[in-house]
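Structural description and commentary
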Amino acid sequence: MTMDPAHGTIGGEDADQRDVQKNNFADPGDNSAPHQEPRRVNNDPRANKQKGQQQQRRDRRDVHGWVVLDKPIGMTSTQAVAVLKRLFNAKRAGHAGTLDPLASGGLPIALGEATKTVPFVMDGRKRYRFTVCWGEERDTDDIEGKATATSDQRPTREAIEALLPRFTGVIQQTPPRYSAIKVQGERAYDLARDGEIVELAPRPVEIHQLTLVDQPDNDRAVFEAECGKGTYVRAIARDMGRILGTYGHICALRRTLVGPFGENDMIPLDQLEALCDRAASGEGSLADALMPVETALDDIPALAVTRADAARLHRGQAVLLRGRDAPTSSGTVYVTVAGRLLALAEVGNGEIIPKRVFNLTGLTASAVRNERN
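Quantities reported herein were computed from a predicted structural model and do not represent experimental measurements.

1. A look at the environment of Thr-168
- Along the chain, the position of Thr-168 falls in the loop between α5 (157-163) and β9 (169-173).
- Judged by relative accessible area, which is 31%, Thr-168 ranks as partly exposed.
- Counting along the chain gives 37 residues from Thr-168 to Val-205, while the straight-line C-alpha distance between them is 9.6 Å.
- Not counting residues up to four positions away in its chain, the partners in contact with Thr-168 are Ile-207, Gln-209 and Leu-210.
- Among the polar contacts listed, one links the side chain of Thr-168 to the backbone oxygen of Pro-165, at a separation of 3.0 Å.

Now the structure itself:
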């Protein structure tokens, strides 16, 4: 797990520098906008268009939390982020792990301050349910590609199950040619689409579990896999097909777990859009769709501090650990005050050192959603 390098005492992003200037644990000051002199009207259409875009960005609001979209087939992860950013009118958004257009299932999307916790989700385990079609290998290792090799052979259930132990534990896996891995600064899939021969080196990945769950006919087999970061399910299908002498590619794929987010957390796009419509008419709240920012930090110890210590941490100052209740462990923790997320910090040498500070002013997860999590 990698923390972003810090500049000074707090993480180096501009957002964190702004965090230091806004102390949620002090009395609020005057938030009114400063007086501005009237400006001369500019009738240039290009300038007016740019002004409109700037106004739209200013009108966006602070939204903080996670939405786990049940991504439909055919939508890219980038498109999904854009849709949610528009629905919530949010200033910032990003996803925690690309999901291919042909795949459905869990795409965790971070809004606002939740974007600071994305690495913790991406480092977590993923679970997939996928179908392999035997008899054909394709250049993309999935149904969208062109056939590159074929076979009339079909594997038996016994042969498949005997092979599975070779694909569990830490294994060496060669990523698909059509992947986001960079080769001399270029994405591998861009090079492959341009007709270049892409040679990617094998790398270690960890597959915690691989199970054959169904074999509806001789041409297809359904698997479930739980794996670590950087594992390509398409490569599992390709490599199993080669070893079995029959070739294979992915013809259906669904992600059912990403870090702490499972199927019970997923929201289909149509339900999310309906919730947004109800919220716009005053019949509901978008907060009901949000999961708390700290949901991404389930595997990290929590450390509660006093309001006085919270104020110091929020200003980027280290806090000394005192008393019998002071933690003896070291490492990354997330700090809370009065049950509210404050910061990601490092504990060591008898002090708490803030690394990422959170400002959760704006729309956050509803109390009902917090109770469920």
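2. Focus: unusual backbone geometry
- Look at Tyr-247: it is not a glycine, yet its phi comes out positive at around 65°.
- The backbone phi angle of Asn-349 is positive, close to 55°, even though this residue is not glycine.
- Locating Asn-349 in the fold gives a position in the loop between β20 (340-348) and β21 (351-357).

3. What about the confidence of the model for the chain?
- Summing up the model confidence of the chain, the mean pLDDT is 82 and the portion of residues at 70 or higher is 76%.
- Within the model, the stretch residues 1-41 combines pLDDT values under 50 with 65 contacts to residues more than four positions away or in other chains.

4. What to know about the nonpolar core
- Counting 52 residues, the largest nonpolar core has Phe-88, Phe-130, Leu-210, Phe-223 and Met-240 as its most contacted members.
- Filtering out sequence-adjacent residues up to four positions away, Phe-223 remains in contact with Tyr-128, Arg-129, Phe-130, Val-132, Trp-134, Ile-160, Leu-164, Leu-210, Thr-211, Leu-212, Val-213 and Met-240.
- Grouped together as the second largest cluster of nonpolar side chains are 21 residues, Ala-110, Val-121, Tyr-334 and Leu-360 included.

5. Section: the pairing of strand β19 (residues 331-337)
- Among the seven residues that make up β19, five are buried, leaving the element largely enclosed by the rest of the structure.
- Two strands pair when backbone bridges link them, and β19 and β20 are joined in this way by seven bridges, in the antiparallel orientation. From the neighbouring strand, Val-335 faces β20, where its bridge partner is Ala-343.
- From the end of β19 to the start of β20, which pair antiparallel, there are two residues, and Ala-338 there has a positive phi angle of about 55°.

6. Observations concerning the pairing of β20
- Burial analysis of β20 places seven of its nine residues in the buried class, the great majority of the element.
- When β20 meets β21, the two strands line up antiparallel, connected through six bridges. Bridge pairing in β21 places Glu-346 opposite Ile-353.
- Connecting β20 to the antiparallel partner β21 that follows it, the hairpin turn spans two residues, and Asn-349 within it adopts a positive phi of roughly 55°.

7. Re the sheet that holds β19
- Pairing in this open sheet of five strands is mixed, and the strands run β17-β19-β20-β21-β18 from one edge to the other. Of all the strands in the sheet, the pair left with one neighbour each is β17 (302-304) and β18 (319-320).
- Each of β18, β19, β20 and β21 is contacted by helix α9 (residues 307-314), which is oriented at about 55° to β21, the strand it contacts most.

8. Some thoughts on the pattern of salt bridges
- Considering all chains together, one arrives at 17 salt bridges under this definition.
- Asp-123 is the salt-bridge partner of Lys-229, the closest N and O atoms lying 3.2 Å from each other. Highlighted residues: Lys-229 in the loop between β13 (220-227) and α7 (233-243) and Asp-123 in the loop between α4 (118-122) and β6 (126-134), separated in sequence by 106 residues.
- The class of Asp-123 is partly exposed, set by a relative accessible area of 29%.
- For the salt bridge of Arg-154 with Asp-219, the shortest nitrogen-to-oxygen distance reads 2.7 Å. In this pair, Arg-154 is assigned in the loop between β8 (147-150) and α5 and Asp-219 in the loop between β12 (203-217) and β13, connecting sequence segments 65 residues apart.
- Residue classification places Arg-154 among the partly exposed residues on the basis of a relative accessible area of 33%.

9. A few points about the side chain of Glu-137
- By the secondary structure assignment, Glu-137 is in strand β7 (residues 136-138).
- A relative accessible area of 8% places Glu-137 in the buried class.
- Setting aside residues no more than four positions away along its own chain, Glu-137 makes contact with Lys-146, Ala-147, Thr-148, Ala-149, Arg-238, Arg-242, Tyr-247 and Gly-248.

10. A closer look at the state of the cysteines
- Tallied over the full model, the rule gives one disulfide.
- With a sulfur-sulfur separation of 2.3 Å, Cys-133 is cross-linked through a disulfide to Cys-251. Measuring the twist about the S-S bond at about 90°, one finds the Cys-133-Cys-251 disulfide to be right-handed. You can see Cys-133 sitting in strand β6 and its partner Cys-251 sitting in strand β14 (residues 248-258), a full 118 residues away along the chain.

What counts, and where the lines are drawn
Residues numbered from 1 in each chain as written. Predicted model: local features only at pLDDT ≥ 70, side-chain atom pairs only at ≥ 80, totals over all residues. Heavy atoms only, no water. Helix = DSSP H or I, 4+ residues; strand = E, 2+ residues; numbered from the N terminus. Buried < 20%, exposed > 50% of the residue type's maximum accessible area, 1.4 Å probe, protein only. Contact = heavy atoms within 4.5 Å. Polar contact = N/O pair within 3.5 Å; in protein donor to acceptor, adjacent residues only side chain to side chain. pLDDT = per-residue confidence, 0-100. Core = buried A, V, L, I, M, F, W, Y, C linked by side-chain atoms within 4.5 Å. Pairing = 2+ DSSP bridges. Axes fitted to C-alpha atoms, helices over the stretch in contact; angles between N-to-C directions. Salt bridge = Lys/Arg side-chain N within 4 Å of Asp/Glu carboxyl O. Disulfide = S-S within 2.5 Å.

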